[in-house]
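Per-entry structural report
Residues per chain are reported as follows:
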Amino acid sequence: MSKKRLFDDPCGIARALNAVGERWALLVVRELVFGPKRYSDLHRGLPQMSQNVLAQRLRELEADGLVRRRRLGPPAPAAVYELTERGQELEPVLRALAHWGSRAPLPEDGAAELSVDALLFALRATFDPALAGELSLRCQLDVAGDRFRITVAGGRLELDRGEHAEPEAWLTVPEAATLRDLVFAGAALHDAVERADTEVAGDTARLAALLRCFPAAVRYPAPQDPGPPDPVSPGLGSPNAELPDPAVSAGSRRG
């Protein structure tokens, strides 16, 4: 295990970086902003990060009091990671960083995709009250089976994981990239619906207005026609395959 590098500087910035300055650390925090996650879900949201590095970052964040691990009870016992109160205090810092970083050029290869949580966090960071104007809407959003509730009223946006009791509009997309194209790449809502990969219901006029409330300083490339999907064989490589939690595996080996 590599030793964590610390700044020998009493400045508050340096002390903050001692906790979250290692590579990937803030992105792990980002993946936990909307609620607890299993280790496998964290890795799914950060596929470019090796399991060893993820396990190390989680240990470090736990040691610094930003993340904790707890066990869920029956009917599906599992270990999940969640932000502590101190970890939750990082959200406005992340939001400011996301807003600032949104003006930087996109990666040239464009191979990596935004995770669902990264995309929803981008909506929080880029929401423009001036574009929302007098818009008032309760929207239920489903991204690849992950459900979020969005409320816009009085120039304010509330967005979190969960379900609205009485939504006024519904938007269902098969993957994060579809929502990204609708919000940041100028894709038309009716075109997405006609491709049969997007479902809408309720007040679609206000839903379309909501999708225009997130200006992109650097616009994503316009979506291309994907053509027919490639056949996928079930089994190994399934996106729903469970990954072992290294901390839990280590504990069972010790036992």
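Computed from a predicted structure; not experimentally measured.

This paragraph deals with the overall build of the protein chain. From N to C terminus, the protein chain includes twelve helices and eight strands. Burial statistics for the protein chain: of 255 residues in total, 38% are counted as buried. Expressed as a percentage of contacts within the protein chain between residues at least 6 apart in sequence, the contacts between residues at least 24 apart total 64%. For the protein chain, the exposed area adds up to about 15200 Å²; of that, 54% sits on carbon and sulfur atoms.

Here strand E5 (residues 146-153) runs beside strand E6 (residues 156-161); their pairing, made up of six bridges, is antiparallel. Looking at the pairing, Thr151 lines up with Glu158 of E6. Taking the residues between adjacent antiparallel strands as the criterion, E5 and E6 are bridged by two residues, where Gly154 takes a positive phi near 60 degrees.

Next up on the list: the sheet that holds strand E8 (residues 199-202). One open sheet holds the five strands; their spatial order is E6-E5-E4-E7-E8, and the pairing between them is mixed. Whereas interior strands pair on both sides, the edge strands pair on one side only; in this sheet they are E6 and E8. Averaged over all pairs of adjacent strands, the angle between their axes in this sheet comes to 15 degrees, without regard to strand direction. By the bridge criterion, seven bridges tie strand E4 (residues 137-143) to E5 in an arrangement that is antiparallel. Of the residues in E5, the one forming a bridge with Leu141 is Phe148.

Counted residue by residue, helix H7 (residues 116-126) has eleven buried out of eleven residues, so it is predominantly covered. Listed in full, the buried residues belonging to H7 are Val116, Asp117, Ala118, Leu119, Leu120, Phe121, Ala122, Leu123, Arg124, Ala125 and Thr126.

Turning next to the sheet that holds strand E1 (residues 37-38). Sheet strands pair by backbone hydrogen bonding; their relative direction is either parallel or antiparallel. Pairing is antiparallel in the open sheet, where three strands are placed in the order E1-E3-E2. Because the sheet does not close on itself, it has two edges, and the strands there are E1 and strand E2 (67-72). Relative to strand E3 (residues 78-83), E2 runs antiparallel, the two being bridged by six bridges. The residue bridging Leu72 from the neighbouring strand is Ala78, located in E3. Here helix H4 (residues 51-63) sits on the sheet in contact with E2 and E3, set at roughly 105 degrees to E2.

Time to look at a nonpolar patch on the surface. Together, Phe7, Ile13 and Leu17 make up a nonpolar patch on the protein surface, roughly 300 Å² of accessible area in all. By secondary structure assignment, the location of Ile13 is in helix H1 (residues 12-20).

On inspection of all chains with the given rule, the structure shows 21 salt bridges. Across the pair Arg57 and Glu60 runs a salt bridge, and its minimum N-O distance is 3.1 Å. Taken together, the residues span about one helical turn, with Arg57 and Glu60 both in helix H4 at a distance of three residues. You'll find Arg57 and Glu60 in the same group, each marked buried. For Arg147, the salt bridge identified is with Asp142, shortest N-O distance 3.5 Å. Connected via shared salt-bridge partners are Arg30, Glu31, Lys37, Asp117, Asp146 and Arg161.

Predicted confidence across the protein chain gives a mean pLDDT of 85, with 82% of residues reaching 70 or more. Looking over the protein chain, one finds the lowest element-wise mean pLDDT in helix H12 (residues 246-254), namely 54, and the highest in E4, namely 97. In the model, residues 229-241 has pLDDT below 50 throughout and makes three contacts with residues more than four positions away in sequence or in other chains.

Here we come to the packing of aromatic side chains. In this description, a pair of aromatic rings is defined by centroid distance and the angle of the planes. Inspection of every chain in the model, using the stated rule, returns two aromatic pairs. Relative to Phe148, the ring of Phe34 has its centre 5.6 Å away and its plane inclined at 85 degrees; by these criteria the two rings are edge-to-face. Of this pair, Phe34 sits in the loop between helix H2 (25-32) and E1 while Phe148 is found in strand E5, placing the two residues 114 residues apart along the sequence. With respect to class, Phe34 is no different from Phe148; both count as buried. Aromatic side chains Phe127 and Phe214 sit 5.9 Å apart centroid to centroid with 55 degrees between the ring planes, which places their arrangement in the tilted category. Of this pair, Phe127 sits in the loop between H7 and helix H8 (129-132) while Phe214 sits in the loop between helix H11 (204-211) and H12, and the two are 87 residues apart along the sequence.

Calculation rules
- Residues numbered from 1 in each chain as written.
- Predicted model: local features only at pLDDT ≥ 70, side-chain atom pairs only at ≥ 80, totals over all residues.
- Heavy atoms only, no water.
- Helix = DSSP H or I, 4+ residues; strand = E, 2+ residues; numbered from the N terminus.
- Buried < 20%, exposed > 50% of the residue type's maximum accessible area, 1.4 Å probe, protein only.
- Contact = heavy atoms within 4.5 Å.
- Areas by Shrake-Rupley, 256 points an atom, 1.4 Å probe, with all protein chains shown as cover.
- Pairing = 2+ DSSP bridges.
- Axes fitted to C-alpha atoms, helices over the stretch in contact; angles between N-to-C directions.
- Patch = residues over 30% accessible without salt bridge, like charges linked within 9 Å, V, L, I, M, F, W, Y side chains within 5 Å.
- Salt bridge = Lys/Arg side-chain N within 4 Å of Asp/Glu carboxyl O.
- pLDDT = per-residue confidence, 0-100.
- Phe/Tyr/Trp six-rings, centres within 6.5 Å; stacked < 30°, edge-to-face > 60°.

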